[in-house]
Amino acid sequence: MNRVKFISIPLLLSASIIMFGNSCCRQPEAIETVAGNPISELTGQALADPHLIAHGGKVYLFASHDFSIQSKSYDMRDWWVWSSDDLLHWNQESVLTPDETFMKEPSTMCWATFGVPMDGGWRLYFSAGPTQIGVVTAQTPAGPWIDPLGKPLIAEGEYSTDSRDPDILLDDDGSAYIVFGTFNYFIARLSKDGLSLDEEARPVTVIDPVGPYGKGKTDDKPSLHKHGGLYYLSWSGFYAVSENVYGPYEYRGTVLSAESVAPEFRPDRADLLFDRHGNFFEFNGQWYYAANDFKQPGRSPYYRDVVMGYVHFKDNGDMAPVRIDRTGVGQYDAIGEIEAEDWFKSEGASNAENPWGGFDLKLDSGGQAAYPNIHNVPADACLSLSISNNQDGAVLEFREGTPDGPVLGTLNLGESNNAGHYQTHRVALSNHPGTLNLWIVAKGDDSGVCRIDSFRFEPSCGPSAKTPQ
């Protein structure tokens, strides 16, 4: 689907939240406020400059920390590490303070940071103010963190840029690269233990860049990720691509647009892409974008939150505009349409661009996709789906909690239709009202069973219907 809809959700009247894989009932009249963005509101803390990486079934969030809501300039006194296995509930793993590093004393300049699993443990790379980069080690993200060098990994004046805001790419062949800099970026392969550069850092060429300060300039805080054989270099929501990790990188566009960002996340007195300082990461096969936000009440450029949205890649390698809304990721709202490509976990499934430039969930035989924490589902709901059916006799099962959980409903898709032709199919479910953890499981004779564009929950199916669209 490629239509952006923003819905204002009523206040919570009463609700019982269920964790993924369990079930519970709730009064039918309950309407639950669905608020996953900004994620810092889950902890009541001012996280900023997010870098996230998935490892061992969890996502680890490495962040700077804006100290005070009263701040009139950047005041960051430590670095934080958080973790989550559902992108909704977060636990603090550790805190690193500057006196535990070569800095030796407290500082208000604990700028951007990033951690990665490396050489049997973890490495946390941090900005020691605006011009130096350090590294600490630990066995796990819980720490304790130790500075093995006792000096900067990249010192002030070593390169023709303000050496800050490190980002690490773990490439497919096991190599690790660090990219850093302000407007002028540098990149280098790291040593196997991550405690030194394996080569002299090289300047990164970006062809025809655009950034929050206009044409011809990038920004600080570069980020680097890889998808489909392409390397993506990004800065504050702008990005460029290359087939070579060293570049040159060709500017492609932005990952945020006025249409993709809900009004409550569009700043009043700043550019939409100012200080987004984003990061891209993959978890359970799904891609996500995390970025700064300071639009919420009481926030400012010096006291920020973190927001997240789903990332989808077009056939030509472009990233589609990321939807940033109140619901966020890892949960869904039955009051409105749910994009099928925004699953939380899948197997035998993938996302694919559809004929009108949006995206579908593509299911093979035996393929399955999970949508946990769907709030405000009516009892015995009618599930309405937009589907392109590619096989005669294909069946979709709708299960609760797990792919082998109770069957809530079954949909026989009937005869296949032409590829790219979508129909609305409806199936009556047997479900409790409230929060539903839904799995969609495809049964067919071969790969490419069907493609699902979107789905919604209705109070009743009424007469059986299959309406062309």
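Anything mentioned here points back to the structure above.
Just so it is clear, the structure is predicted and the values come from calculations on it, not from any experiment.

Enquirer: Help me get a handle on the pairing of strand β7 (residues 133–138), residues and values and all.
Expert: Burial runs high along β7: six of the six residues are buried. Of the two faces of β7, the one carrying Ile133, Val135 and Thr137 and the one carrying Gly134, Val136 and Ala138 are both buried. As paired elements, strand β6 (residues 121–128) and β7 share six bridges and run antiparallel to each other. When the sheet's bridge partners are listed, Trp122 is paired in β7 with Ala138. Counting the residues that bridge the hairpin from β6 to β7 gives four residues, and of these Gly129 lies at a positive phi of roughly 75°.

Enquirer: With reference to specific residues and values, describe the sheet that holds β7.
Expert: What links the strands of a sheet is backbone hydrogen bonding, and the strands pair in either a parallel or an antiparallel sense. Across the sheet, which stays open at both edges, the three strands sit in the order β5-β6-β7 with antiparallel pairing between neighbours. Each end of this open sheet is capped by a strand with a single partner; those strands are β5 (110–118) and β7. Sheet twist, expressed as the mean angle between neighbouring strand axes with direction ignored, is 20°.

Enquirer: Any chance you could break down the side chain of Gln391 for me, citing the residues and the numbers?
Expert: Structurally, the position occupied by Gln391 is in the loop between β26 (382–389) and β27 (394–400). Discounting chain neighbours no more than four positions away, the residues touching Gln391 are Gly414, Ser416, Gly444, Asp445, Asp446, Ser447, Gly448 and Val449.

Enquirer: How would you summarise the nonpolar core if you had to cite specific residues and measurements?
Expert: Nonpolar side chains in soluble globular proteins tend to end up buried together. Grouped together as the largest cluster of nonpolar side chains are 51 residues, with contacts concentrated most on Leu396 and Phe457. The element contributing the most residues to this core is strand β25 (residues 359–377), with six residues. For Phe457, the residues in contact, after removing those within four places along its chain, are Ala334, Ile338, Ile374, Val377, Pro378, Ala381, Cys382, Leu383, Leu429, Leu436 and Leu438. Val204, Phe238, Tyr249 and Trp287 belong to the second largest nonpolar core, which has 37 residues in total.

Enquirer: I'd like a description of the state of the cysteines, backed by residues and values.
Expert: Linking two cysteines covalently through their sulfur atoms gives a disulfide. Overall, the coordinates contain one disulfide when judged by the stated rule. Disulfide pairing places Cys382 opposite Cys461 at an S-S distance of 2.1 Å. In this structure, the disulfide formed by Cys382 and Cys461 twists by about 95° around the S-S bond and is classed as right-handed. Of this pair, Cys382 sits in strand β26 while Cys461 sits in the loop between β31 (450–458) and β32 (466–468), placing them 79 residues apart in sequence. Under the relative-accessibility criterion, Cys382 is labelled buried at 1%. Here Cys450 stays unpaired: no disulfide links it, and the sulfur of Cys382, its closest cysteine neighbor, is 17 Å away.

Enquirer: Pulling in residues and values, what's your account of the pattern of salt bridges?
Expert: Summed over all chains, the structure comprises 24 salt bridges. Among the salt bridges present, the one from Arg252 reaches Asp318, with a minimum N-O distance of 2.6 Å. Here Arg252 is found in strand β18 (residues 249–254), whereas its partner Asp318 is found in the loop between β21 (305–311) and β22 (332–333), with 66 residues between them in sequence. The exposure class assigned to Arg252 is partly exposed, which follows from its relative accessible area of 31%. Taking relative accessible area as the criterion, Asp318 reaches 19% and is therefore assigned buried. For Asp275, the salt bridge is made with Arg304, and the minimal N-O distance between the two is 3.2 Å. Within this pair, whereas Asp275 is found in the loop between β18 and β19 (279–283), its partner Arg304 is found in the loop between β20 (286–293) and β21, the two being separated by 29 residues in sequence. Looking at Arg304, the relative accessible area reads 1%, which means it is buried.

Analysis parameters
Residues numbered from 1 in each chain as written. Predicted model: local features only at pLDDT ≥ 70, side-chain atom pairs only at ≥ 80, totals over all residues. Heavy atoms only, no water. Buried < 20%, exposed > 50% of the residue type's maximum accessible area, 1.4 Å probe, protein only. Helix = DSSP H or I, 4+ residues; strand = E, 2+ residues; numbered from the N terminus. Pairing = 2+ DSSP bridges. Axes fitted to C-alpha atoms, helices over the stretch in contact; angles between N-to-C directions. Contact = heavy atoms within 4.5 Å. Core = buried A, V, L, I, M, F, W, Y, C linked by side-chain atoms within 4.5 Å. Disulfide = S-S within 2.5 Å. Salt bridge = Lys/Arg side-chain N within 4 Å of Asp/Glu carboxyl O.

Don't take any of this as a statement about function, it's just geometry.
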